Amino acid sequence: MDYSQFTTMAIFLLLLLVLESKMSTAAHCTTITPTKIYQKCMTLPTQDASIAWTFYPHNATLDLVFFGNFISPSGWVAWGINPSTPEMTGTRALIAFPDPNSGVIIVLPYILDSTVKLQRSPLLSQTLDNHLLSSSATLSGGRTATVHDGASVLIHATLKLVPNKTKIHHVWNRGLYVQGYSPTIHPTTANDLSSVTTIDVLSGSASASHNNIKTLKTVHGILNAVTWGFLLPVGAVTARYLRHINALGPAWFYAHAGTQLSAFLIGTAGFAIGVRLGDLSPGVEYGIHRKLGFAAFSLGSLQTLALLFRPKTTNKFRKYWKSYHHFVGYGCVVLGVVNVFQGFDVMGISRSYAKLVYCLALSTLIGVCIALEVNGWVIFCRKSKEEKMRREGLAGTFDKDTISHN
């Protein structure tokens, strides 16, 4: 592959990631329900959820319905409002689930305080303090519908809002199991940890900060997939297989150093965006992805700094520097590739065309490495055999000359 092919592949991956991000928010929302028609609707960014509402400014009343989906026959679906910040802690929630005694769908109010994450005690229903006027829940199939994996539920609510405060922090989620009347903790995938958005119920627009975070996530994913996940391995392959070609001279070194340095500098920008995303998403943390990112960046920094202390070929410490350089370099490549796959899971596109293209690109590079490795061993074995025959031929000639002299 040459540089133009790398660029084409990077652009293609960029387009696919952008397309995936657009498709993830392309779900349908509706203002029509079997019992009521609402004025506005919006598709929420995760879990195929949506809301529809009518806001009455004269008395600051919000009439709303939330559309969600169960992920278990014994699970729960929740929607709520956080009066202060866009996060789960502090949310006043309505949680719908099948009544453990009758099996009929019910909805109960809960206040999600800081102890919910720890699950040290059961989550108990309690009266909300946000002027809830009414609430109810129904399955989309009507009275004959039953709760099952994928069943759709509608949570209706009418609330009295604070006058002149129309920006509302919406929080929603779903879980696998209800213990009695106590919902258990929800899964911790990317979608579950980012199920929050701020909507102006008067204008119908989502918070600009949420859109900015989505854009940063896309850019972060593209930069890191292209640099840490592809260009760094290409640079390593360049050094391993091109340096033995005498016709290239020192060109292999400049290609290797240029590729690795470019990947590190651009990848640093992707790493910085990831750190910024963590700052913009309080309470949302992807532990493994974050730790792998810091580890890969640290190794990349050490590898780059090692160029400043590269001893000459005649220096007795050269062999130790080469061992360090190889160990740290290959470690950085492995961590970078593994973390790219973690990133696909974090972004919720683990089954996407973008991941497919990345896998194909990586597989092609691995195939090239295998072919070059086999070819190198064939050449090595051939040269060893020729060298052995040459030595044996010289030894035979020496013996004949000794006999003739005697």
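About the cut-offs
Residues numbered from 1 in each chain as written. Predicted model: local features only at pLDDT ≥ 70, side-chain atom pairs only at ≥ 80, totals over all residues. Heavy atoms only, no water. Helix = DSSP H or I, 4+ residues; strand = E, 2+ residues; numbered from the N terminus. Buried < 20%, exposed > 50% of the residue type's maximum accessible area, 1.4 Å probe, protein only. Contact = heavy atoms within 4.5 Å. Areas by Shrake-Rupley, 256 points an atom, 1.4 Å probe, with all protein chains shown as cover. Disulfide = S-S within 2.5 Å. Salt bridge = Lys/Arg side-chain N within 4 Å of Asp/Glu carboxyl O. Phe/Tyr/Trp six-rings, centres within 6.5 Å; stacked < 30°, edge-to-face > 60°. Core = buried A, V, L, I, M, F, W, Y, C linked by side-chain atoms within 4.5 Å. Polar contact = N/O pair within 3.5 Å; in protein donor to acceptor, adjacent residues only side chain to side chain. Pairing = 2+ DSSP bridges. Axes fitted to C-alpha atoms, helices over the stretch in contact; angles between N-to-C directions. 1 Å grid on protein atoms, 1.4 Å probe; cavity = no way out; pocket = protein on both sides within 12 Å on 5 of 7 lines; lining within 4 Å. Points joined across faces, edges and corners; volume = space filled by probe spheres on them.

K.L.:
Sorry if this is basic, but what is going on with the overall build of the protein chain here?
P.N.:
When you go through the protein chain residue by residue, the secondary structure sums to 7 helices and 13 strands. The buried share of the protein chain, reckoned over its 406 residues, is 41%. Within the protein chain, counting contacts between residues at least 6 apart in sequence, those at least 24 apart form 63% of the total. Carbon and sulfur atoms make up 63% of the accessible area of the protein chain, which totals about 23,000 Å².

K.L.:
Explanation requested: the state of the cysteines in the structure shown.
P.N.:
Linking two cysteines covalently through their sulfur atoms gives a disulfide. Counted under the stated rule, the structure contains 1 disulfide. The side chain of Cys 29 participates in a disulfide bridge whose partner is Cys 41; the two sulfur atoms lie 2.2 Å from each other. Of note, the bridge from Cys 29 to Cys 41 carries an S-S torsion of about 50 degrees and is right-handed in sense. With Cys 29 in the loop between helix H1 (3–23) and strand S1 (40–43) and Cys 41 in strand S1, this pair connects stretches of sequence that are 12 residues apart. Taking the relative accessible area as the measure of exposure, Cys 41 reaches 25% and is therefore partly exposed.

K.L.:
Looking at this structure, how should I read the pattern of salt bridges?
P.N.:
Once their charged atoms are close, side chains differing in charge can pair, the charge on each being opposite to the other. In total, this model carries 3 salt bridges according to the counting rule given. The shortest N-O distance in the salt bridge between Lys 36 and Asp 63 comes to 2.7 Å. Of this pair, Lys 36 sits in the loop between H1 and S1 while Asp 63 sits in strand S3 (residues 61–69), and the two are 27 residues apart along the sequence.

K.L.:
Would you mind going over the packing of aromatic side chains with me for this structure?
P.N.:
The description of an aromatic ring pair rests on the distance of the ring centres and on the angle between the ring planes. Scanning all chains against the criterion turns up 10 aromatic pairs. Ring centres of Phe 97 and Tyr 181 lie 6.3 Å apart, and the angle between their planes is 65 degrees; on these two criteria the pair is classed as edge-to-face. Residue Phe 97 is located in strand S5 (residues 91–98), and its partner Tyr 181 is located in the loop between strand S10 (178–179) and strand S11 (182–183); the two are separated by 84 residues in the primary sequence. For Phe 97, a relative accessible area of 0% gives the class buried. On the basis of relative accessible area, Tyr 181 is assigned to the partly exposed category, the value being 36%. Judged by centre distance (6.2 Å) and plane angle (80 degrees), the rings of Trp 228 and Phe 264 are edge-to-face. With a gap of 36 residues between them, Trp 228 in helix H3 (residues 208–242) and Phe 264 in helix H4 (residues 251–280) connect regions that are remote in the sequence. Residue Trp 228 is classed as buried on the basis of its relative accessible area of 7%. Taking relative accessible area as the criterion, Phe 264 reaches 12% and is therefore assigned buried.

K.L.:
Looking at this structure, how should I read the nonpolar core?
P.N.:
Nonpolar side chains in soluble globular proteins tend to end up buried together. Counting 32 residues, the largest nonpolar core has Trp 53, Leu 62, Phe 66, Phe 70 and Trp 79 as the members making the most contacts within it. With 4 residues, the single largest contributor to this core is strand S8 (residues 152–160). Beyond its immediate chain neighbours, meaning those up to four positions away, Phe 66 contacts Leu 44, Ala 49, Ser 50, Ile 51, Val 77, Ala 78, Trp 79, Val 153, Leu 154, Ile 155 and Trp 172. Counting residues in each nonpolar core, the second largest holds 20 residues, with Leu 232, Ala 236, Tyr 241 and Cys 332 among its members.

K.L.:
Just to check I follow, could you spell out the environment of Arg 240 for this structure?
P.N.:
Relative to the helices and strands, Arg 240 resides in helix H3. Owing to a relative accessible area of 35%, Arg 240 belongs among the partly exposed residues under this scheme. Measuring from C-alpha to C-alpha, the distance between Arg 240 and Cys 369 comes to 9.3 Å, with 129 residues separating the pair along the chain. Residues contacting Arg 240, with those up to four places away along its chain left out, are Tyr 330 and Glu 373. Within polar-contact distance, the side chain of Arg 240 engages the side chain of Glu 373 at 3.0 Å.

K.L.:
In this structure, what is going on with the sheet that holds S1? I would like to understand it.
P.N.:
Remark on secondary structure: sheet strands pair via backbone hydrogen bonds, oriented parallel or antiparallel. Read across the open sheet, the 5 strands follow the order S1-S2-S3-S8-S7; overall the sheet is antiparallel. Among the strands making up the open sheet, the edge pair consists of S1 and strand S7 (132–139). Pairwise comparison of adjacent strand axes, ignoring direction, gives a mean angle of 15 degrees for this sheet. Taken together, the 7 bridges between strand S2 (residues 50–56) and S3 define a ladder with antiparallel strand orientation. The partner of Thr 54 across the bridge, within S3, is Asp 63.

K.L.:
How should the layout of surface pockets be read in this particular structure?
P.N.:
Size it by volume and the second largest pocket reaches roughly 620 Å³. Looking at the second largest pocket, it is lined by 27 residues, and the ones nearest its centre are Ala 239, His 256, Gln 303, His 325 and His 326. Only H3, H4, helix H5 (287–306) and helix H6 (318–346) provide two or more residues apiece to the lining of the second largest pocket. In terms of residue count, the dominant contributor to the lining of the second largest pocket is H6 (9 residues).

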